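The lines below spell out each chain.
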Amino acid sequence: MSTDRVSAAGKVLQVLAAFDREHPSRTLSEIAQCTGLAVSTAHRVVAELASWGALERAEDGSWHVGLRLWEIASGCPRTQILRDAALPFMQDLYEATHENVQLAVREGAELVFVERIAGHRSVELLTMVGTRFPVASTGMGRVLLAHAPREFQEEVLAEPLRPWTPYTVTDPRTLRAQLDLIRREQVFVSDRQLSESTVAVAAPVRIGRSGPVDAALGIVVAARGAERARGLREPLLRAVHGISEELGRRARTAL
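Quick caveat: nothing in here was measured; it's all calculated off a predicted structure. (Residues numbered from 1 in each chain as written. Predicted model: local features only at pLDDT ≥ 70, side-chain atom pairs only at ≥ 80, totals over all residues. Heavy atoms only, no water.)

Student: Outline the environment of L55, listing residues and values.
Tutor: Its place among the elements puts L55 in strand β2 (residues 55–57). On the basis of relative accessibility, which here comes to 2%, the residue L55 falls in the buried class. Excluding its chain neighbours within four sequence positions, the residues that come into contact with L55 are V15, L16, F19, V46, L49, A50, W63, H64, V65 and G66. (Helix = DSSP H or I, 4+ residues; strand = E, 2+ residues; numbered from the N terminus. Buried < 20%, exposed > 50% of the residue type's maximum accessible area, 1.4 Å probe, protein only. Contact = heavy atoms within 4.5 Å.)

What follows is the structure, given as structure tokens:
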């Protein structure tokens, strides 16, 4: 679509979309280039966003996302309620394991990480709060995919799946069997599927003990600790059951 036909709100969204984890800061010319806006238009939009606090200017003249925008985003009800309910149990799980503990939700065909607790001796991860991955790429994503509608599962499996490592399962038939196993056993061990250096253990978080799946909770350990990962099933289940009951309690209270 020609940028001349984009609404004023659309231009604002284009500018904001120019920033991501790989590009946390941009010069004005870079913003214009990646949005397709004229430099004069990009300058006007950036100035308006900066005056409101959505963008901030660094000493070198580049721009980055401002604190005001983070304040707005942090009030997202879907993640705020979930994070508030989950954090005490995530902290207990971290204290029991001293490994990376992550919380994620599904948005369309992607997995979005919304909370994480890690120690200085935890294995380094590709994922962090706010990052997105294709839902079939991670252990937590496959847990969420296993509890998604069948039609959606088939849509995901019909697309080519990226082999992140030599161990990544990309065959649709094998993945269907894996999703069936996840639904039966609840806990899934993802062995070097996203990174050759990590193994993840994941389980679904529900709204109430038997309600719909709302999120996935996972523990990520170094690949050399694969046997230990399988021993994390019980503490992980205790955490997800606690979060699920708390979400159910809050849902009942809100009625």
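Here the narrative resumes, following the displayed structure.
Student: Would you mind going over the sheet that holds strand β3 (residues 63–65) in detail, with residue names and values included?
Tutor: Here three strands make up an open sheet; going across it, the order is β1-β3-β2 and the pairing antiparallel. If you trace the sheet from one side to the other, it starts and ends with β1 (25–26) and β2, each paired once. Bridge analysis of β1 against β3 gives two bridges, and the strand direction is antiparallel. Looking at β3, one finds that R26 is bridged to W63. (Pairing = 2+ DSSP bridges.)

Student: How would you explain the sheet that holds strand β4 (residues 100–107) if you had to name every residue and give the values?
Tutor: In spatial order, the strands read β6-β5-β4-β9-β8-β7; together these six strands make up an open sheet with antiparallel pairing. One side of each edge strand has no neighbouring strand; the edge strands of this open sheet are β6 (132–134) and β7 (188–191). For this sheet, the mean inter-axis angle between neighbouring strands, taken without regard to orientation, is 30 degrees. As judged from the three bridges shared by strand β5 (residues 110–117) and β6, these two strands associate in the antiparallel manner. What sits directly across from E110, in β6, is P134. Docked against the sheet, helix α6 (residues 139–146) engages β4, β5, β7, β8 (198–206) and β9 (213–222), running at close to 155 degrees with respect to β9. (Axes fitted to C-alpha atoms, helices over the stretch in contact; angles between N-to-C directions.)

Student: Account for helix α1 (residues 8–17), naming residues and giving values.
Tutor: Listed in full, the buried residues belonging to α1 are G10, K11 and V15. All buried residues of α1 fall inside an arc of 140 degrees around its axis, so they share one side. Those residues of α1 that are exposed and aimed more than 90 degrees away from the buried face are L13 and A17. For α1, the secondary structure elements touched by its buried residues are α2 (28–35), α3 (39–52) and β2. (Arc of directions from axis to C-beta.)

Student: Any chance you could break down the pattern of salt bridges for me, citing the residues and the numbers?
Tutor: For the structure shown, the criterion picks out eleven salt bridges. A salt bridge links R150 to D180; the shortest N-O distance between them is 3.7 Å. One end of the pair, R150, is in helix α7 (residues 150–158); the other, D180, is in helix α8 (residues 172–185), and 30 residues separate them in sequence. Accessibility expressed as a relative area gives 28% for D180, which makes it partly exposed. D191 is the partner of R192 in a salt bridge, and the nearest nitrogen-oxygen pair spans 2.8 Å. One network of salt bridges, with partners in common, ties together E107, E110 and R132. (Salt bridge = Lys/Arg side-chain N within 4 Å of Asp/Glu carboxyl O.)

Student: So what's going on with the nonpolar core? Which residues, and what values?
Tutor: Nonpolar side chains in soluble globular proteins tend to be buried together. L103, V205, L217 and L236 are the most contacted members of the largest nonpolar core, which totals 29 residues. Residue assignment for this core shows that the elements contributing at least two residues are α5 (77–97), β4, β5, β8, β9 and α10 (233–254). When residues no more than four places from it in sequence are discounted, the contact partners of L236 are L93, V187, V201, A202, A203, L217 and I219. In this structure, A104, M140, A146 and A216 belong to the second largest nonpolar core, which totals 24 residues. (Core = buried A, V, L, I, M, F, W, Y, C linked by side-chain atoms within 4.5 Å.)

Student: Requested: an account of the packing of α7 against α8, with residues and values cited.
Tutor: Between α7 and α8, the least distance of the axes is 11 Å, while the angle of their chain directions is 145 degrees. Like other packed secondary-structure pairs, α7 and α8 cross with a definite hand, here right-handed. Residue-level contacts link R150, Q153, E154 and L157 of α7 to P172, L175, R176, L179, D180 and R183 of α8. Grouping the amino acids of the contact of α7 with α8 by side-chain chemistry returns four nonpolar, one polar and five charged. (Left-handed = near helix turned anticlockwise from the far one by under 90°. Nonpolar A, V, L, I, M, F, W, Y, C, P; charged D, E, K, R; others polar.)

Read these as spatial facts, not as claims about activity.
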